[in-house]
Amino acid sequence: FETNLKKLEYIVEKLENGEVDLEESVKLYEEGMKLKKICEDKLKSIESQIKKIKQDINKISKEDFK
């Protein structure tokens, strides 16, 4: 995740600074969108795992104090 995020940040920086021509901008934009999707999917997956852990902890806590 961190590697993809750094790549995405680099792409955004290059696009914002106008360091590349139009064709390269389009390529970088496409690559950036792919990296964005990968990062979003990873975050959603981690969020689901955290929710599951919280649910499991709540179940354990409730059962322990019946």
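Residues numbered from 1 in each chain as written. Predicted model: local features only at pLDDT ≥ 70, side-chain atom pairs only at ≥ 80, totals over all residues. Heavy atoms only, no water.

Novice: Explain a negative patch on the surface to me, and be specific about the residues and the numbers.
Specialist: A surface patch of negative charge is lined by Glu9, Glu13, Glu16 and Glu19. Inspection of the secondary structure puts Glu19 in the loop between helix H1 (2–17) and helix H2 (22–64). (Patch = residues over 30% accessible without salt bridge, like charges linked within 9 Å, V, L, I, M, F, W, Y side chains within 5 Å. Areas by Shrake-Rupley, 256 points an atom, 1.4 Å probe, with all protein chains shown as cover. Salt bridge = Lys/Arg side-chain N within 4 Å of Asp/Glu carboxyl O. Lys, Arg positive; Asp, Glu negative; His and termini not counted. Charge placed at Lys NZ, Arg CZ, Asp CG, Glu CD. Helix = DSSP H or I, 4+ residues; strand = E, 2+ residues; numbered from the N terminus.)

Novice: Account for H1, naming residues and giving values.
Specialist: An ideal rise of 1.5 Å per residue puts 22 Å on 16 residues; H1 measures up with 22 Å between its terminal C-alpha atoms. Residues Asn4, Leu8, Ile11 and Lys14 constitute the buried set of H1. The arc that holds the buried residues of H1, viewed along the axis, is 125°, so those residues lie on one side. More than 90 degrees from the buried face of H1, the exposed residues found are Glu2, Lys6, Tyr10 and Glu16. (Expected span 1.5 Å × (residues − 1). Buried < 20%, exposed > 50% of the residue type's maximum accessible area, 1.4 Å probe, protein only. Arc of directions from axis to C-beta.)

Novice: Talk me through the pattern of salt bridges; I want residue IDs and the actual numbers.
Specialist: Evaluated as defined, the whole model comprises three salt bridges. Here Lys36 and Glu40 are joined by a salt bridge, their closest N and O atoms 3.0 Å apart. On the criterion of helical spacing, the pair formed by Lys36 and Glu40 is a turn pair, its members being four residues apart in helix H2. A relative accessible area of 34% means that Glu40 is categorised as partly exposed.

Novice: Run through a nonpolar patch on the surface, naming residues and quoting values.
Specialist: Where nonpolar side chains cluster on the molecular surface, the patch consists of Phe1, Leu5 and Leu43 and spans about 230 Å² of accessible area. Among the secondary structure elements, Leu43 is positioned in helix H2.

Novice: Give a description of the nonpolar core that names residues and reports values.
Specialist: If you look at the biggest cluster of nonpolar residues, it comprises five residues: Leu8, Ile11, Val20, Leu28 and Leu35. If you list the elements that add at least two residues to this core, you get H1 and H2. Among all residues touching Leu28, those that are not within four sequence positions of it are Ile11, Lys14, Leu15 and Val20. (Core = buried A, V, L, I, M, F, W, Y, C linked by side-chain atoms within 4.5 Å. Contact = heavy atoms within 4.5 Å.)

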